[in-house]
Amino acid sequence: IGLLRSASAHFKKIHLTLAKIEEGTPTESAVAALFLHFKRVDEFKRQLKMWNTAKAGRALELLTQAERDCKFSARPQQLICSRVFLQIAQAVKK
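Keep in mind the model is a prediction, meaning the values are calculated, not measured. (Residues numbered from 1 in each chain as written. Predicted model: local features only at pLDDT ≥ 70, side-chain atom pairs only at ≥ 80, totals over all residues. Heavy atoms only, no water.)

Quick word on the overall build of the protein chain
Along the backbone of the protein chain there are 5 helices and 0 strands. Taken from the N to the C terminus, the helices and strands of the protein chain come in the order α-α-α-α-α. Overall, the protein chain is about 45 × 25 × 20 Å in size when its C-alpha atoms are taken along their principal axes. When burial is assessed residue by residue, the protein chain has 36% of its 94 residues classed as buried. For the protein chain, the exposed surface amounts to about 6,200 Å²; the carbon and sulfur share of it is 57%. Charge centroids of the protein chain, computed over 17 positive and 8 negative side chains, lie 6 Å from each other. (Helix = DSSP H or I, 4+ residues; strand = E, 2+ residues; numbered from the N terminus. Buried < 20%, exposed > 50% of the residue type's maximum accessible area, 1.4 Å probe, protein only. Areas by Shrake-Rupley, 256 points an atom, 1.4 Å probe, with all protein chains shown as cover. Lys, Arg positive; Asp, Glu negative; His and termini not counted. Charge placed at Lys NZ, Arg CZ, Asp CG, Glu CD.)

Quick look at the side chain of D69
Looking at where D69 falls in the secondary structure, it is placed in helix 4 (residues 53–72). Classification of D69 as buried rests on a relative accessible area of 18%. At 3.2 Å, the side chain of D69 forms a polar contact with the side chain of R75. (Polar contact = N/O pair within 3.5 Å; in protein donor to acceptor, adjacent residues only side chain to side chain.)

Remarks on the pattern of salt bridges
Counting across every chain of the model gives 6 salt bridges. The shortest N-O distance in the salt bridge between R46 and E43 comes to 2.6 Å. With R46 and E43 both in helix 3 (residues 41–50), this residue pair falls 3 residues apart, about one helical turn. Take E43: its relative accessible area is 35%, and that puts it in the partly exposed class. Taken together, the shared-partner salt bridges in this structure form one network comprising R5, E67 and K71. (Salt bridge = Lys/Arg side-chain N within 4 Å of Asp/Glu carboxyl O.)

Right, here's the structure in full:
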């Protein structure tokens, strides 16, 4: 569940930053507002180019559902996590 929450936090940052950019905020300013470590800034910008707000929102929905499934489903947590990360990887390709 911790891994799912970490991924959710990351996608929240992506979603929020993309929303700011769509509102007209320059990319540099939107990313700077996150106070990321300087070594992560370029990678984060690269990830922003791969996503849009709809896809990032969908990834957040998938992660939330996976966390719920881990808590209340009889299925193995490792299987649920693996499946959701594969779904997210496929979503970015579309």
